[in-house]
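Listed below are the residues making up each chain.
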Amino acid sequence: MRLTAAQSGMWFAQALDPGSPAQNTAECLEIHGPVDPSLFARTLRQVVSEADALRVRIIEGADGPQQLEVVEPTLPLKVRDLRAASDPDAEARAWMREDLATPFDLAAGPLFAHALFRVGDERWLWYQRVHHIVMDGFGYSLLARRTAEVYTALAAGEEPGESPFGRLADLVAEDTAYRASETYETDRRFWDGAFADRPDAPNLAGRTALPSRTFHRRSARLSPEATARLRESASSMRATWPEVLVAAQALYVSRATGSAEVVLGLPMMGRMGSVALRVPGMVMNVLPLRLTVTPQATFAELTRQVVLGIRAARRHQRYRYEDIRRDLGLLGEGRSLVGPLVNVMPFDYGLTFAGARTEAHNLSAGPVDDLTVNVYDRADGSGLRIDYDGNPALYEPDELGAHQARFMELLERIAETEPHTPLAEHTIARHAELTLVVDEFNATAHPVPPTTLIGPIEGQTVRTPDATALVFGDQDLTYAELNARANRLAHHLVEIGVHPGALAAVAVPRSLDLVITLLAVLKAGGAYLPLDPDYPADRLAYMLQDAGPACVIADRADRVPASGVPLVALDSLDTTPYGTYDPPRALTPHHPAYVIYTSGSTGRPKGVVVPHAAIDNRLRWMQAEYELAPGDRVLQKTPSGFDVSVWEFFWALRVGATLVVAEPGGHKDPAYLARVIREQDVTVCHFVPSMLQVFLSEPAAAGCKGLRHVFCSGEALPRETVREFGRVLDGVPLHNLYGPTEAAVDVTYHPCATDATGPVPIGKPVWNTRLYVLDAALQPCPPGVQGELYLAGTQLAAEYLGRPELTAARFVADPYGPPGTRMYRTGDLARWTEHGEIEYLGRTDHQVKLRGLRIELGEIEAELAADAAVGAASVLVREDRPGDQRLVGYVTPSDTGSVPDPEELRARLAGTLPDYMVPGAILVLDDFPLSPNGKLDRRALPAPSFEGSGDGGRVPSGHREETLTRLFAEILGVPQLGVDDAFFDLGGTSLLAARLVSRVRDTLGAELTIGTLFQAQTPAALAAHLDADHSEADHALDVLLPLRAGGDRTPLFAFHPAGGMSWCYSGLLSRLDPGQPVYGLQARGLHGEGELPSTMEEMAAEYVEALRAVRPHGPYRLLGWSVGGVLAHTVAVLLQEAGEEVELLALLDAYPSDQWRDAAVPEEADALGALLRMAGYDRTDELTREDVLATLQREGSALAGLPDRTLTAVLDIVVNNARLMREHDHRPFEGDALFFTAAAPRAEDWLTREAWAPYVSGSISNHDVDCLHPELTQPRRLDEVCAVLAARLKELDHA
Amino acid sequence: MTTTPGPFDPAVDDTEPTHLVLENALGEYSLWPLFRRVPEGWHTVYGPQTYGRCVARLQDPPA
């Protein structure tokens, strides 16, 4: 006989793990009275003989599993008298436990076992274990009832009545008929329709696992009173008590998982026909019950949903659970269809054995995938028994017990509560847990004096006037000097209208003046508004217009866009007429201290107004916790627009310590930071975790042992970073801090133990601060349960400037604090640990943190959607290679018919958003992928293609190629890579290049500089390079430098700047189409041999010859930066004169010879500057060649690895080029030119692109890039240049 | 995660009254979901109304 569908599922489950006892079910019936063991054995033999469904063994035949009837099985019955044992019941239970762990052999049979224990003179235990494949819960009840009936009859000397059982064959026939019936089709359609959108099935563990061989069980009883009230409540809602229990479980699961949608599993009898109702066999089914639990719905409404849901499910209950999963395609994905099971067993046996009463105890109800809540209503009036069975792979016994205890308390409260109140009134936390998370964990009250941010700094100045307050490079100021300078400026500010309650914008790069200016604003009583000079003009203009400050203070007038706000330019302000005394002011702790703008979800950044009391509390707590002292030196490196900078700026100055101000831009440079920390004896500094990671991989970081405290905040701190910190800076304390701008920098703190495991908590609340983790109903979550983090207390910001609706939606009434107070809704997901610390778990919305910077994706999406060509836009952070997070934008075309151009969009965003908010890639899609319920399916959005050629390329030959291929793939995070795939084509960045070089060094012991990677970009090339043991930079110094030789487009030829080298153009590779070949043209003498050219024409002619070697005829595409532009133009003219077509002439901040003619020819000292510029740096104080080399090495420049003779040659080339350029006469080029202006103000203010007009017959289309000349080939500027350049190249490709 | 709106989000269609506008003694305002009792120290100045109307009222309070 074949198996029924129900049995087949079990057979497959057992086949997966044949030795598993998980499918054993067992029950123990306690009999209070005398039992005759031989009569009992006779009874069992009769019942077994009547139940043919029980008497089978199952073999695997040619057509699948078959069940064979065993006609006369030996009865497996053990009888023991345990009365002599010290604890007979315990002895019996131990035996049962052991027996329960014994698997059945399906092929051998029998698939059941019995035991009878005498545990008292008048008390017996009847134990039976049955494989689930032949029996279900209802079947058990049929067997037990018949056994009691037969025994009672036999004991009375009567013949038992006729067997009531149906036959197994009937069950199989009924199953076959069902699967061929129309009902089957109807049922299938019903379940298909109900679950077409494949909803998530949240469970309490938050993950899934295969069933284990055993399970944990926790048992509890609901009091008889509560049980009675639940029954009454159920009938008042026209429901049954099991339905009320299901509703309560749905409420619990919804709150504990933070999901409004839950899917519970309901074991159902599955017996529709009269046949099945009479067969003790395996028929039961588990069906999904889908419920929506909202805070505003009442318990009665939820119960109604359950009643209707069960009613519908019951009509289609014969359709198998396994079949629904298969139909929905969940099997292949290993996804579950349901969360916890609620198994209500209302079978009230109430059996008697010859008059002796009995109690039934379930021992195992079968395998536990996740969590099964078994509910028994036994007849003894003792209240509901509720067993929590958990899969040990998912739940520790204690966790299981905690969930159960909360559920029991929830049931008690539901029983007491009027069913028509909203579910929001219910919490899932136990009473004791509420006290813990609301009060005990938040016992942070600490008296602080009513002071301001500035007052204690002025107090400190009086105490230690001669102590060093401020260090910047080789400049320093004492407290008295700093105070005097700040006071002078403050008096001026007072005069022009800065007063308590007023704002003053500050646009000053990091310097002594920045600190002086911030103090001056505060001294005048005003609140400062930092403006990052690196932001696009549009954004600065928006902030000025939105905030309406009394004035804007800048180091020089052109730092900020004209706005109508009065400007104070420090470089033209004389403050000497003003007094050096502290200005009087009516400042209170409630006045604002600063306003910092953060990203806004609706597309507009918003100003957070932080009062003095808030930041004063934060600094007082910090001082009490970490005890900064005179002699300590705090590093100020965070840009003033981010609020971490607030404690950096002011903490030291309040306590007599010294503030060390890092150079502008220095915060991104690990080598520089390590040097400053060492040389300036810095004892305290802060890192965003991702920057800490970069810092720790800098070899010099290990030398920073003088640090006393390192603080981390801004994004999740990975445990691995903490461990790495312990390895590199053993013994230096590391602290993890957390807080939004809206709560005065930080509200939690956690000292990191470098040997701890698991996620790094963000810690406990600081002084006068309360943290709440609340669920969707604003009810507190117990420890371990995830919810949204809310903050309350002294540190809350006052408001969002001019945005009352936003303020009222984020700073909301606090139901748990003192009357009338507010709490701030962070949008962060978090949970409490048992020890009163918070763990950060992510975001509830689309706000992301990228390298510590807070970004509302909505703001970027709004900006993308504002483009007429864009229909819809979505932005996300992808991590397609580990540790490399990138913003990626997705857009669909609008109805206008024009197709969005990714490069134009990026250029557009770069004009309005800060650099870090511009996606690295924008993909145009025809449509967004949607999930079945019509929502954007983010997981289905394609990754931008930074893929290796994989198996398409040549396989590695030799040890070095193989190792290098592996290292490339590892660093770039691509699964596969060919030996001919180029590093920079695949998205390699300078940071990744540094990592690669260090990995190659460690793995192959080969000395390598980043410069080598430019000339040998593929594993094959690099291997060849290492094999040949080349002296560095050989071919990289040839006249024609193939930056990217492959590709089917017309090649782009890029001409060297003054120094003669074209390495600076490698940044073009990853920013232009991968099919775009790029060649650099370099000066002839870089190898240090031969004569230098004597005219520009001679040089150009040589380059024409070189480029014709790769491209004999036009059209040609030419580009040049600086002197390279002059060369490109000259080459273009030569080519045209030879009858060739030149389709692109791109000039990067290059000016014709005429403009230079009267300028002095540079000497070697100037040549050094040119060398630095070629590497992208402005010259500061480097006087000698050694200085320049040191700078290049420190900055990790590729040029640092050049041999001496090359450097000498470069200096000669610079001088020679400067001379040739001055002597050159341009002839006209026929066509248009594409021009990029480095638009920041420069010393050579006479330079103008208009001077090209006589030499370019067509138009000159200009693009301003907001940077200095040397910065033009730095990555972020190249992004802008290439946005335009790539678009132009694409047009040419299509022309 | 949660597929339905949070306590301070608009309902999907925002046609039903779901929120209140509360005020405390300091003159601070708070949006508040109808499903929870008004916390101590706060009183209702507007609503129950749709989320959109509550926001409009906050942006443009009566003189």
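Some details on the domain arrangement of chain A
Alright, step 1. Split into domains, chain A comes out as domain 1 (5-172), domain 2 (196-345 + 367-427), domain 3 (847-944), domain 4 (958-1033) and domain 5 (1034-1156 + 1226-1294).
Alright, step 2. In this structure, domain 1 of chain A and domain 3 of chain A have C-alpha centres spaced 63 Å apart.

Some words on the interface of chain A and chain B
Alright, step 1. The partner chain B presents 26 residues to the 33 residues of chain A that form the contact.
Alright, step 2. Roughly 2,300 Å² of surface becomes buried between chain A and chain B when both sides are summed, with 61% attributable to carbon and sulfur atoms.
Alright, step 3. Here chain A and chain B share two salt bridges between them.
Alright, step 4. Here E425(A) ties to R37(B) by a salt bridge, and the two come within 2.5 Å at their closest N and O atoms.
Alright, step 5. Summed over the shared surface of chain A and chain B, the result is nine residue pairs in polar contact (both at pLDDT 80 or more).
Alright, step 6. Breaking the side of chain A that touches chain B down by element, the ones donating at least two residues are helix 24 (804-810), strand 33 (811-813) and strand 34 (822-832) of chain A.

Considerations on the sheet that holds strand 6 (residues 123-131) of chain A
Residue and element names in this part refer to chain A.
Alright, step 1. The strand order 4-5-6-1-12-11 describes an open sheet built from six strands, whose pairing is mixed. Looking along the sheet, the strands with just one partner apiece sit at the ends: strand 4 (77-81) and strand 11 (352-353).
Alright, step 2. Lying over the sheet, helix 3 (residues 88-100) contacts strand 1 (24-32), strand 4, strand 5 (112-120), strand 6 and strand 12 (356-365), oriented at roughly 10° with respect to strand 6.

Structural notes on empty space enclosed by the protein
Residue and element names in this part refer to chain A.
Alright, step 1. Enumeration over the complete set of coordinates arrives at twelve cavities of 30 Å³ or more.
Alright, step 2. The volume enclosed by the largest cavity comes to roughly 210 Å³.
Alright, step 3. D175, G270, V283, R318 and R320 are the residues nearest the centre of the largest cavity, which is lined by 17 residues in total.
Alright, step 4. At the level of secondary structure, the elements contributing two or more residues to the lining of the largest cavity comprise helix 1 (5-16) and helix 5 (168-179).
Alright, step 5. The element best represented in the lining of the largest cavity is helix 5, accounting for five residues.
Alright, step 6. Counted by class, the lining of the largest cavity contains seven nonpolar, four polar and six charged residues.
Alright, step 7. Both of domain 1 (5-172) and domain 2 (196-345 + 367-427) provide at least three residues apiece to the lining of the largest cavity.

Considering a positive patch on the surface
All names here are of chain A.
Alright, step 1. A cluster of basic residues, R238, R311, R314 and R315, forms a positive patch at the surface.
Alright, step 2. Here R311 lies in helix 10 (residues 299-315).
Alright, step 3. By relative accessible area, R311 is classed as partly exposed at 43%.

Rules used in this analysis
Residues numbered from 1 in each chain as written. Chains lettered and ligands numbered in written order. Predicted model: local features only at pLDDT ≥ 70, side-chain atom pairs only at ≥ 80, totals over all residues. Heavy atoms only, no water. Domains from an automatic or database assignment. Contact = heavy atoms within 4.5 Å. Buried area = accessible area lost by both parts, 1.4 Å probe. Salt bridge = Lys/Arg side-chain N within 4 Å of Asp/Glu carboxyl O. Polar contact = N/O pair within 3.5 Å; in protein donor to acceptor, adjacent residues only side chain to side chain. Helix = DSSP H or I, 4+ residues; strand = E, 2+ residues; numbered from the N terminus. Pairing = 2+ DSSP bridges. Axes fitted to C-alpha atoms, helices over the stretch in contact; angles between N-to-C directions. 1 Å grid on protein atoms, 1.4 Å probe; cavity = no way out; pocket = protein on both sides within 12 Å on 5 of 7 lines; lining within 4 Å. Points joined across faces, edges and corners; volume = space filled by probe spheres on them. Nonpolar A, V, L, I, M, F, W, Y, C, P; charged D, E, K, R; others polar. Patch = residues over 30% accessible without salt bridge, like charges linked within 9 Å, V, L, I, M, F, W, Y side chains within 5 Å. Areas by Shrake-Rupley, 256 points an atom, 1.4 Å probe, with all protein chains shown as cover. Lys, Arg positive; Asp, Glu negative; His and termini not counted. Charge placed at Lys NZ, Arg CZ, Asp CG, Glu CD. Buried < 20%, exposed > 50% of the residue type's maximum accessible area, 1.4 Å probe, protein only.

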